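One-letter residues, chain by chain:
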Amino acid sequence: MIDGFIALYIFMLAAFTGYEVIARVPVILHTPLMSGSNFVHGIVLVGAMVALGRATTPVGQVIGFIGVVLAAGNAVGGYVVTERMLEMFKASGERKP
Amino acid sequence: MSDLISPSAASVLIQASYFVAAFLFIIGLKRMSSPRTARGGILWAGAGMLVATVVTFAWPGMQNYVLMLAGIGVGGVLAWITGKRVAMTDMPQMIALYNGMGGGAAAAIAAVELYKGGEHPLALYVLAVLGGLIGAVSFSGSLIAFAKLQGLIKRSIRYGGQQVVNLVILVGTLAVGALIIFNHDAGATAVTLFFLLALALGLLMTLPIGGADMPVVISLYNALTGLAVAFEGFVLNNAAMIIAGTVVGAAGTLLTQLMARAMNRSLGNVLFSGFGETAAAGGGEVQGSMKPIEASDAAVMMAFAQKAIVVPGYGMAVAQAQHKIWELAQQLQSRGVKVKFAIHPVAGRMPGHMNVLLAEAGVPYDLIHDLEEINAEFDTADVALIIGANDVVNPAARSDRSSPIFGMPILNADKAKNVIVIKRGQGTGFSGIENALFYLDQTRMLYGDGQAVAGQLVHAVKSV
C-alpha cells in the first residue's frame, strides 16, 4: 500500500485539481462534462482486471469477472456517449457537414 | 511505497503508464470545460484509458487472462452498441447506467478483496469497506435512477417512516462493515450480508426521489463512484485509480452543488424531502384565464418581431421538437429577427440537457445563453417562445412567498412584450404548481404536440 501520508497528499492534491478544473465551466458543458468525468472513473477497469487476475477461488473469479464486465461497460459506454455529445458542439462559423 | 519504486521492468512500465494516464485524464477534463477544446478533451482522456488498460495486462503474477478478455469483450461490446444507439433525449439515463456500472465494479473489487480476507493494515480494510459501501449504493441507486428516467418505474415509492428504515439499514451496514474491519476472519457470510445491505440502501434511498430531481441524484452518484474508485485504488495500490477517482469525486461534488443551487435547494433537501412530485399543494390562487392562439397568428407575431427569445424545457425533449425549433429560428433569422435561446440551468433531466439537444439539432452554441447572461434581455424582447418549459419560467418563484419554488432563480420570460407558450395541454408542470405566467395578459397558449406545432409555425412563417 502507498504509505499513509503520501496517500493523503495524493488524495488532497487530486481533490483540489478536480475542483479547480471544473470550477469555471459554462452550463452549456455540464452534461458532457458529467459524462466525461463518468468516463474517467472507468479507470476502475484496471483495478477490476487486477482483482480478477489475482483471484484464486471460484467466488473471487465470478465476482472479479462481473467487476470487469461492469467496468468495461463504464469505460466504453462513457467514452462513446461523451464523444457523441461533444461531436455536436459547433460555433456559428463551422456548419455541420 | 516499495511497490512504486520497485526495480522490476514491468512495474516501472506500468507505473509510468499510469502516470501518463492520470496526466491525460486531467488534461482531458480541463479541455472538456471549454466549448472550443471540448471535442479534443475526450480524445486525450480516451488515450489515457487505452494506455492504462493495455499495460495492466503486464501486471506481475496475474492469471485468469481468458476471463479478463471475455469480460472486457462482453462489457465493452454491449456498452458500445447501446451507447451508439441511444437517442440524445435518453442520454441522462444512459449516463446513470454507465455510472452505476462503474460503482458496481468498485464494489466488486472490494468484494474480491474482502472475501479473500487475511492480514492487512487496518486502514486498508477501512477503505475497502467504505469503497465497497459507496460503490454498491451508487450501483443500485443509479439503476433505480435509470429505471425511473426510462419510464420502467413510474411512481415514486414512499411510505411512513421511510427515512427511519433507511437510517436503520445504514447503521446496520456500517455495523457489519465494522465487524469485517476489526475481525478479519468475520467470514464470507458477513461480507455477503454487508453487500446485500449496501445494495438495499442504494435502492431504498433512490426510490422516493422524484424524476425532476434525478439530475442532481445522477451527478451525486457520479461523484460517489469516483470516490469509491479512489478508495479501491488505495486498496490495490493503484495510483491511476486514486488520482482519477479523486478528481472525479471532487469535480462531481462541485457539479452536484452547482445543480442543487440552481434549483435553490440543498442537497439534503433533494435526498430526503421527496419534493420532486409531491409539492402540488402549495402556491396561491392564480387570477385570470389562459388565452389560446392559433399557429398562424403566433407566426405573424414572431415574424414581425425584432428580437425573439426561445425558452426550451423538458417538453421539447419529449416531443423531439429541437430540429423543428431550429428550423423555425433560421426562418426568423432570414427575416431579420434576432433569435436567441435561453437555457435554465436545470431545464430538462440533466444540467445542460437542453444545450445538448439544441447542439444535436445544429444550433450554434453562441446563440445559446444561460440564465445570468440573458435575463436582462427579456425586457427588450418582443416575443418569448416557451416550448415545453414550465416551472423555470414561473414568476411565482420571484413574488409568491407561499410557493414551493419561491426563491428559485427563473428566466424572466414574463418581462417580454409577448409570450407564446407551446404546451401539450392545460395541466401543471412536473412540480404540479400552477404557472402564473400562463395567465398574464400578454401570454398566449399554443396547444399541441411540440414537434407538430413547431412544424406548423415553420410553414406559417414561410407564408407570412
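## Description of the packing of helix α3 (residues 44–53) of chain A against helix α4 (residues 91–116) of chain B
In step 1: Taken N-terminus to C-terminus, the directions of α3 of chain A and α4 of chain B make an angle of 30 degrees; their axes are 9 Å apart at the nearest point. It follows from the interaxial angle that α3 of chain A and α4 of chain B lie roughly parallel. Both α3 of chain A and α4 of chain B take part in a crossing whose hand is left-handed. Residues Val44, Gly47, Ala48 and Ala51 of chain A of α3 of chain A form the contact with α4 of chain B, whose own contacting residues are Gly102, Ala105, Ala106, Ile109, Val112 and Glu113 of chain B.
In step 2: Residue composition of the contact of α3 of chain A with α4 of chain B, by class: 7 nonpolar, 2 polar and 1 charged.

## Quick word on the side chain of Asn394 of chain B
Residues and elements named next belong to chain B.
In step 1: Within the secondary structure, Asn394 sits in the loop between β4 (383–387) and α17 (396–399).
In step 2: Among the residues examined, Asn394 registers a relative accessible area of 0% and is labelled buried.
In step 3: Sequence-distant contacts of Asn394, that is, excluding residues within four places in its chain, are made with Ile405, Ile410, Ile433, Glu434, Asn435 and Ala436.

## Quick word on the interface of chain A and chain B
In step 1: Counting from both sides, the interface comprises 83 residues of chain A and, opposite them, 102 residues of chain B.
In step 2: Surface buried jointly by chain A and chain B totals about 8,500 Å² across both partners, of which 77% is contributed by carbon and sulfur atoms.
In step 3: Summed over the shared surface of chain A and chain B, the number is 1 salt bridge.
In step 4: Note that Arg54 of chain A and Glu113 of chain B form a salt bridge whose closest N and O atoms lie 3.7 Å from each other.
In step 5: Joining chain A to chain B, the criterion identifies 12 residue pairs in polar contact (both at pLDDT 80 or more).
In step 6: Take the side of chain A that touches chain B: its biggest share by element is 27 residues, from helix α4 (residues 58–87) of chain A.
In step 7: Residues that form the side of chain A that touches chain B fall into these classes: 50 nonpolar, 23 polar and 10 charged.

## Quick word on the packing of aromatic side chains
In step 1: For the coordinates displayed, the defined rule picks out 6 aromatic pairs over all chains.
In step 2: Ring geometry for Phe11 of chain A and Phe234 of chain B: centres 6.2 Å apart, planes at 50 degrees, overall tilted. One end of the pair, Phe11 of chain A, is in helix α1 (residues 4–23); the other, Phe234 of chain B, is in helix α8 (residues 214–236), on a second chain.
In step 3: Among the residues examined, Phe11 of chain A registers a relative accessible area of 25% and is labelled partly exposed.

## Section: the pattern of salt bridges
In step 1: Within the structure shown, the criterion is met by 8 salt bridges over all chains.
In step 2: A salt bridge links Glu377 of chain B to Lys340 of chain B; the nearest nitrogen and oxygen atoms lie 3.0 Å apart. You can see Glu377 of chain B sitting in the loop between α16 (371–374) and β4 and its partner Lys340 of chain B sitting in strand β2 (residues 338–343), a full 37 residues away along the chain. Like Lys340 of chain B, Glu377 of chain B is buried.
In step 3: The network of salt bridges with shared partners includes Arg54 of chain A together with Glu113 and Lys116 of chain B.

Calculation rules
- All residue numbers refer to position in the chain's written sequence, counted from 1.
- Following the order in which they are written, the chains are lettered starting with A and the ligands numbered starting with 1.
- Local features in this predicted model are restricted to residues whose pLDDT is 70 or higher, and side-chain atom pairs enter the listing and the counts only when it is 80 or higher, whereas totals over whole chains, interfaces and linings include all residues.
- Only heavy atoms go into the side-chain values, all of them from the structure, while hydrogens and water stay out.
- Axis geometry follows a simple rule: fit a line to the C-alpha atoms, using only the stretch in contact for helices, then measure angles between N-to-C directions, giving values from 0 to 180 degrees.
- Strands here mean DSSP runs of E at least two residues long; helices mean DSSP runs of H or I at least four residues long; both are numbered from the N terminus.
- Oblique is the label for any angle not under 35 degrees, not over 145, and not in the 65 to 115 range, which are roughly parallel, roughly antiparallel and roughly perpendicular in turn.
- Left-handed describes a crossing whose near helix is turned anticlockwise from the far helix through less than a right angle; right-handed describes the clockwise counterpart.
- Here, residues are in contact when the closest pair of their heavy atoms is within 4.5 Å.
- Residue polarity follows a fixed list, in which Ala, Val, Leu, Ile, Met, Phe, Trp, Tyr, Cys and Pro are nonpolar, Asp, Glu, Lys and Arg are charged, and the others, Gly among them, are polar.
- Categorising residues by exposure relies on relative accessible area from a 1.4 Å probe, with only protein chains included: less than 20% of the type maximum marks a residue as buried, more than 50% marks it as exposed, and the intermediate range marks it as partly exposed.
- Once two parts are brought into contact, the accessible area they lose, counted with a 1.4 Å probe and summed over both, makes up the buried area.
- Put simply, a salt bridge is a Lys or Arg side-chain nitrogen that is within 4 Å of an Asp or Glu carboxyl oxygen.
- Any pair of nitrogen or oxygen atoms within 3.5 Å is treated as a polar contact; in protein, a donor-acceptor pairing is required on top of that, and neighbouring residues in sequence qualify only through side-chain atoms on both sides.
- Each Phe, Tyr or Trp ring, with Trp reduced to its six-membered ring, pairs with another whose centre is within 6.5 Å; inter-plane angles below 30 degrees give stacked pairs, above 60 give edge-to-face pairs, and intermediate values give tilted ones.

Taken by themselves, the reported measurements are silent on function.
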